[in-house]
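Chain by chain, the residues:
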Amino acid sequence: MTITLYTAPTGNGRKPLIFLKLLNIPHNVHMFSWPAGDQLKQEWYLKLNPHAIIPTLVDGDLVLPESNAILSYLADTYDIEGKFSYKKESEPEKYWQSQKWIFYQATQFAGTLFRFNTFIGLKKPEEDDVIWKNILENFEKVYRVVNDHLKDREFFVGDKFTFVDLAFAVGHFRRIECAGKFGYEDWFKDYEEKYPYLIKWYDRVLQVPGFKEGLELK
Ligand SMILES: N[C@@H](CCC(=O)N[C@@H](CS)C(=O)NCC(=O)O)C(=O)O
């Protein structure tokens, strides 16, 4: 069966792209240029992803949008030895902790990043303090939760790097990339002091063979 990933060099787009590489699974990549404009609204793509967003994985008859669903699917199906994941049958607690964090990554972490990117494209921050205050407070909340969690741990779940670490680390990288692109690094300048455990964990993730190179894929 042929696996094809429809994606782009964004946070959500890079997550499955990097995981396919780390798992060493043969696959094709359909890379949309970014920003995608109307490319995602073409009829053939809407059949795969009616919401007109990337990424989407096609594996034989299975059509799977949603980056974190794709990570879970790839882990369950192709990470047979559990190199980057835990198996429900043998380690149910770690499996469900992974599920909890992967949902949290999509809803709270990536969700806040999505609002940041959307509003920054629409309005200058000064023009709507309420929205900006809320976005920045949400970033603080998410970073605090993650930092506290990582205080006594090397990785999110158990003692190894998993697809959960991958998802958060890609999100963190994207946050830095977008703040830089729009010229708002200043808003986050005290994050290194405020969230030291998260910063140390991120350095650890960058050492995982293939991860750093994966961030450069275009
Ligand atoms: N929850 C979805 C979100 C996907 C998403 O927001 N994709 C963005 C790029 S990161 C997109 O395709 N946006 C369409 C556009 O901006 O035209 C996932 O995790 O896959």
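Predicted model, so just to flag it, every value in this text is computed and none were measured.

The rules we used
Residues numbered from 1 in each chain as written. Predicted model: local features only at pLDDT ≥ 70, side-chain atom pairs only at ≥ 80, totals over all residues. Heavy atoms only, no water. Helix = DSSP H or I, 4+ residues; strand = E, 2+ residues; numbered from the N terminus. Buried < 20%, exposed > 50% of the residue type's maximum accessible area, 1.4 Å probe, protein only. Contact = heavy atoms within 4.5 Å. Areas by Shrake-Rupley, 256 points an atom, 1.4 Å probe, with all protein chains shown as cover. Lys, Arg positive; Asp, Glu negative; His and termini not counted. Charge placed at Lys NZ, Arg CZ, Asp CG, Glu CD. Axes fitted to C-alpha atoms, helices over the stretch in contact; angles between N-to-C directions. Parallel < 35°, antiparallel > 145°, perpendicular 65-115°, else oblique. Left-handed = near helix turned anticlockwise from the far one by under 90°. Nonpolar A, V, L, I, M, F, W, Y, C, P; charged D, E, K, R; others polar. Pairing = 2+ DSSP bridges. 1 Å grid on protein atoms, 1.4 Å probe; cavity = no way out; pocket = protein on both sides within 12 Å on 5 of 7 lines; lining within 4 Å. Points joined across faces, edges and corners; volume = space filled by probe spheres on them. Domains from an automatic or database assignment.

Quick look at the overall build of the protein now. The helix and strand tally for the protein stands at nine helices and four strands. Helices and strands appear in the protein in the N-to-C order β-α-β-α-β-β-α-α-α-α-α-α-α. For the protein, the spread of C-alpha atoms along the three principal axes comes to 50 × 45 × 25 Å. Across the 218 residues of the protein, 48% fall into the buried class. Within the protein, contacts between residues separated by at least 24 positions form 66% of all contacts whose residues are at least 6 apart in sequence. Summing over all exposed atoms, the protein offers an accessible surface of approximately 11,500 Å²; the carbon and sulfur share of this is 54%. Measuring between centres, the 28 positive side-chain charges of the protein sit 1 Å from its 31 negative side-chain charges.

The packing of two helices is summarised by the inter-axis angle and the distance between the axes. With their axes 10 Å apart at the nearest point, helix H3 (residues 67-78) and helix H6 (residues 163-182) run at an angle of 155 degrees to one another. Looking at the two axes, H3 sits roughly antiparallel to H6. Handedness of the H3/H6 crossing: right-handed. Packed against H3, whose contacting residues are Asn 68, Leu 71, Ser 72 and Ala 75, the element H6 presents Phe 163, Leu 166 and Ala 167 at the interface. Here the contact of H3 with H6 is built from residues that sort into five nonpolar, two polar and no charged.

Let's shift gears to the environment of Tyr 143. In this fold, Tyr 143 is placed in helix H5 (residues 129-149). For Tyr 143, a relative accessible area of 1% puts it in the buried group. C-alpha of Tyr 143 to C-alpha of Phe 109: the two residues are 34 residues apart in sequence and 8.4 Å apart in space. Contact partners of Tyr 143, with chain neighbours within four places excluded, come to Phe 109, His 172, Arg 175, Tyr 191, Tyr 195 and Leu 198.

A separate point is the sheet that holds strand S1 (residues 3-7). The four strands are arranged S2-S1-S3-S4 in an open sheet whose pairing can be described as mixed. Of all the strands in the sheet, just strand S2 (28-31) and strand S4 (62-65) have a single pairing partner and so form its edges. Direction aside, neighbouring strands of the sheet carry axes that sit 15 degrees apart on average. Here four bridges tie strand S3 (residues 56-59) to S4, and the two strands are oriented antiparallel to one another. Along S4, the bridge assignment pairs Asp 59 with Leu 62. This element, helix H1 (residues 11-23), spans S1, S2 and S3 of the sheet and lies at about 150 degrees to S1. Across the sheet, H3 touches S1, S3 and S4, and the angle it forms with S4 is around 135 degrees.

Roughly 1,000 Å³ of volume is contained in the largest pocket. Along the walls of the largest pocket sit 33 residues, with Thr 10, Asn 12, Ile 53, Ile 54 and Phe 114 positioned nearest its centre. Mapped by element, the contributors of at least two residues to the lining of the largest pocket are H1, H3, helix H4 (92-122) and H6. It is H4 that contributes the most residues to the lining of the largest pocket, eleven residues altogether. Looking at side-chain class alone, the lining of the largest pocket contains 15 nonpolar, 14 polar and four charged residues. Shared between two domains, the lining of the largest pocket takes at least three residues from each, and those domains are domain 1 (3-78) and domain 2 (92-209).

Let us now look at empty space enclosed by the protein. One pass over the structure, following the stated rule, counts one cavity of 30 Å³ or more. The calculated volume of the largest cavity comes to roughly 30 Å³. What lines the largest cavity is Ala 75, Asp 76, Ser 85, Tyr 86, Tyr 95, Ser 98 and Phe 163. When residues of the lining of the largest cavity are traced back to their parent elements, those giving at least two are H3 and H4. In terms of residue class, the lining of the largest cavity is built from four nonpolar, two polar and one charged.

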